[in-house]
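Take a look at the letters that make up each chain.
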Amino acid sequence: IILRRPIIAGNWKMHMTPSEAVKLVQELIPLVKDAKAEVVVIPPFVDLTEVSKVIQGTNILLGAQNMFWEEKGAYTGEISPLMLKEIGVKYVIIGHSERRQYFGETDEMVNKKVLSALSHGLNPIVCVGESLSQREEGKTYDVVLSQTKEALKGVSKEDIANVVIAYEPIWAIGTGKTATAKDANEVIKAIRNTIAELYGKEKADLVRIQYGGSVKPSNASELMAESDIDGALVGGASLVAADFAQIVNY
Ligand code: PEP
């Protein structure tokens, strides 16, 4: 049997001031305390310290939305893995499509960040996914599998199980359009096969692969019922405690 614990992560994007963040997470704590899945909240950087304090002793884990690959230096505006580690961050989103699209992140940068995160004991949530035009041109598998391989270059056999992949078709993010559960599962299976080619099947069976893109309370259980979908990366619906809790407790 395959024992992959589902991981449900809420990407708050650029929402919630520190005081709003504290309120949201305080609301969330009692609603998700019995969750079977691993629960992660991913607030903006300036909220992390406060949220970290509030979730002490609960089953909620902390993630960051991005990081730079260097530990320190003259990199104005960037955040280092050491800073995230010290305040109790466990997961870090790498290569979200919004960062690739609006902030020029390339596969090469994504790879550097993944390697840096792992070397600092942070678990990367690596985002991959095709655009609408790529899907329409029949390039979904090419794009997604190539992004996966590029992101994982140099990741060791020891580290691969610490990586989480999030399959997020760009056309489904924030649009209300969701990939069908079957479609998402097929792409995720292909990602897992690619990981198996690189690291062996046993390792690939340990890697958690989430689906992301307009996950809501109404579609979460159908997605999660699929064989290879090991959780969700949730944007919009993670900003309302009751909605996120319903997804977590799918
Ligand atoms: C995301 O930002 O990772 C995401 C999936 O957003 P949404 O759930 O709002 O589509």
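Now for a look at the structure at hand.

Procedures and definitions
Residues numbered from 1 in each chain as written. Predicted model: local features only at pLDDT ≥ 70, side-chain atom pairs only at ≥ 80, totals over all residues. Heavy atoms only, no water. Pairing = 2+ DSSP bridges. Helix = DSSP H or I, 4+ residues; strand = E, 2+ residues; numbered from the N terminus. Axes fitted to C-alpha atoms, helices over the stretch in contact; angles between N-to-C directions. Contact = heavy atoms within 4.5 Å. Salt bridge = Lys/Arg side-chain N within 4 Å of Asp/Glu carboxyl O. Buried < 20%, exposed > 50% of the residue type's maximum accessible area, 1.4 Å probe, protein only. Core = buried A, V, L, I, M, F, W, Y, C linked by side-chain atoms within 4.5 Å. Arc of directions from axis to C-beta. Phe/Tyr/Trp six-rings, centres within 6.5 Å; stacked < 30°, edge-to-face > 60°. Near = heavy atom within 4 Å. Polar contact = N/O pair within 3.5 Å; in protein donor to acceptor, adjacent residues only side chain to side chain. Areas by Shrake-Rupley, 256 points an atom, 1.4 Å probe, with all protein chains shown as cover. 1 Å grid on protein atoms, 1.4 Å probe; cavity = no way out; pocket = protein on both sides within 12 Å on 5 of 7 lines; lining within 4 Å. Sits in = over half its atoms within 2 Å of the grid points. Nonpolar A, V, L, I, M, F, W, Y, C, P; charged D, E, K, R; others polar. Points joined across faces, edges and corners; volume = space filled by probe spheres on them.

### A few points about the sheet that holds strand 1 (residues 7–11)
Phase 1: The strand order around the closed barrel formed by 8 strands is 1-2-3-4-5-6-7-8, and the pairing between neighbours is parallel. Each adjacent strand pair in this sheet contributes to an overall mean axis angle of 25°, direction not counted.
Phase 2: In terms of strand pairing, strand 7 (residues 208–212) meets strand 8 (residues 231–234) through 2 bridges, oriented parallel. Note that in strand 8 the partner of G212 across the bridge is L233.
Phase 3: Each of strand 2 (38–42) and strand 3 (60–64) is contacted by helix 1 (residues 18–32), which is oriented at about 135° to strand 3, the strand it contacts most.
Phase 4: Taken strand by strand, helix 8 (residues 181–199) contacts strand 5 (123–128), strand 6 (164–167) and strand 7, and its axis lies near 150° from that of strand 7.

### Remarks on the pattern of salt bridges
Phase 1: Applying the stated criterion across every chain yields a total of 17 salt bridges.
Phase 2: A salt bridge links K113 to E105; the nearest nitrogen and oxygen atoms lie 2.8 Å apart. In this structure, K113 and E105 share a single accessibility class: buried.
Phase 3: Here the salt bridges share partners, and the residues they tie into one network are R4, R192, D228 and D230.

### Some details on the nonpolar core
Nonpolar side chains in soluble globular proteins tend to be buried together.
Phase 1: Among the nonpolar cores identified, the biggest contains 67 residues, and I8, V41, I60, I165, I191, I195 and Y211 are the most heavily contacted of them.
Phase 2: Among the elements that take part in this core, helix 8 stands out by supplying 8 residues, more than any other.
Phase 3: Setting aside anything within four residues of it in sequence, one finds V41 in contact with G10, W12, V25, L28, V51, I60, L61, L62, G63 and F244.
Phase 4: In terms of nonpolar packing, the next biggest core, distinct from the first, is built from 11 residues, A9, Y91, I93 and L233 among them.

### Considering helix 11 (residues 241–248)
Phase 1: All buried positions along helix 11 are accounted for by A241, F244, A245, I247 and V248. Burial along helix 11 is one-sided: seen end-on, the buried residues are contained in an arc of 160°.
Phase 2: Tucked inside the fold, the buried residues of helix 11 contact strand 1, helix 1, strand 2, helix 10 (220–224) and strand 8.

### Brief notes about the packing of aromatic side chains
Phase 1: Under the criterion given, the structure shown has 4 aromatic pairs.
Phase 2: Ring centres of Y102 and F103 lie 6.4 Å apart, and the angle between their planes is 85°; this geometry places the pair in the edge-to-face category.
Phase 3: Classification of Y102 as exposed rests on a relative accessible area of 56%.

### Quick word on the site of the ligand
Phase 1: Around the ligand, the structure places 14 residues, and the nearest of them are K13, E168, G174, S214 and G235.
Phase 2: Contact distances for the ligand include 2.7 Å between an oxygen atom and a side-chain N or O atom of K13.
Phase 3: Between the ligand and S214 there is a distance of 2.8 Å, counted from an oxygen atom to a backbone nitrogen or oxygen.
Phase 4: Compared with its free state, where it exposes 300 Å², the ligand has 95% of that area covered by protein.
Phase 5: Judged by the fraction of its atoms near the pocket grid, the ligand is located in the second largest pocket.
Phase 6: Each residue belonging to the shell around the ligand can be placed in one class, and the counts come to 4 nonpolar, 8 polar and 2 charged.

### Quick word on empty space enclosed by the protein
Phase 1: This structure, assessed with the given rule, holds 1 cavity of 30 Å³ or more.
Phase 2: Taken as a whole, the largest cavity encloses approximately 30 Å³ of empty space.
Phase 3: As for the largest cavity, its lining consists of Y211, V215, A220, L223, M224, I229, G231 and A232.
Phase 4: Elements with a minimum of two residues in the lining of the largest cavity: helix 10 and strand 8.
Phase 5: Broken down by element, the residue count for the lining of the largest cavity peaks at 3 residues, all from helix 10.
Phase 6: Here the lining of the largest cavity is composed, by residue class, of 7 nonpolar, 1 polar and no charged.

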